[in-house]
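Breakdown of the fold
Each chain, written out:
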Amino acid sequence: MNETPRFAVDRMLARLARWLRLMGADVLFDPATGGAELLRRAREEGRVVVTRDKRLRTAPDVIFLTANLFREQLREVLDRFPFDPRAQAFTRCSACNTPLKWLDRNLVARRVPPFVFASHERFACCPRCGRIYWNATHVSRALAEIDDLLAPRPQPTI
Ligand SMILES: [Zn+2]
């Protein structure tokens, strides 16, 4: 497994961008940035562009996705840039890409619903947008889904 890669994800692929961030990848994603501007910023910042834009198909450092379905798209990305999604999972804000910081539990009490506070030990916060993360059910579900995606595929018989 390689180091977690840096991506610039096409604005058409919001769900993929969010998931790659949940897996800890550094993802540039901006709904206001498309095409040539995305390519330019990706080059400046040393990122691999992930896109379904046919015009970018042959550009270097571009992953052109052929799949329509989100799960297959994620698989295509991981095939090209294998990294361990579990190693870095939930270290980065899925909304704004900022690395999360652990919070002192006492600072969280007023900022999350009481049942959440009562039932979780560890909380992390995005220092940029203030979003708070905890190890909720959706985290386990997401990790299960990641495992499923990474499971060996049956080889097609010829
Ligand atoms: Zn954030």
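The following paragraphs examine the structure supplied in this document. Along each chain, numbering runs from 1 in the same order as the chain's sequence is written. Totals for whole chains, interfaces and linings use all residues, but because this is a predicted model, local features are given only for residues with pLDDT of at least 70 and pairs of side-chain atoms are given and counted only at 80 or more. As a convention, hydrogens and water are excluded, and side-chain values are obtained from all of the structure's heavy atoms.

A few words on the overall build of the protein chain. Going along the chain from the N terminus, every DSSP run of H or I of four or more residues is numbered as a helix, and every run of E of two or more is numbered as a strand. The helix and strand tally for the protein chain stands at seven helices and seven strands. Traced from its N-terminal end to its C-terminal end, the protein chain shows the element sequence β-α-β-α-β-β-α-α-β-α-α-β-β-α. Viewed in the frame of its principal axes, the protein chain has a C-alpha envelope of about 50 × 40 × 25 Å. The buried label applies to any residue whose accessible area, calculated with a 1.4 Å probe on protein chains only, is under 20% of its type's maximum; exposed applies above 50%, and partly exposed to all values in between. With 158 residues in all, the protein chain has 46% of them scored as buried.

Bringing helix H1 (residues 14-22) into the picture now. Those residues of H1 that fall on the buried side of the exposure criterion are Leu16, Ala17, Trp19, Leu20, Arg21 and Leu22. Positive backbone phi, at 95°, marks Gly24, one or two positions downstream of H1.

Atoms are scored as donors when they are N, O or S and lie within 2.8 Å of the metal, with 3.2 Å used for Na, K and Ca; no water is included, so coordination may look incomplete. Coordination of the zinc ion by the protein involves Cys93 (SG), Cys96 (SG), Cys126 (SG) and Cys129 (SG), with metal-donor separations of 2.3 to 2.4 Å. Relative accessible area serves as the criterion here: at 0%, Cys93 is assigned to the buried category. Taking relative accessible area as the criterion, Cys126 reaches 1% and is therefore assigned buried.

Everything listed here is a matter of coordinates, which is why it stays silent on function.
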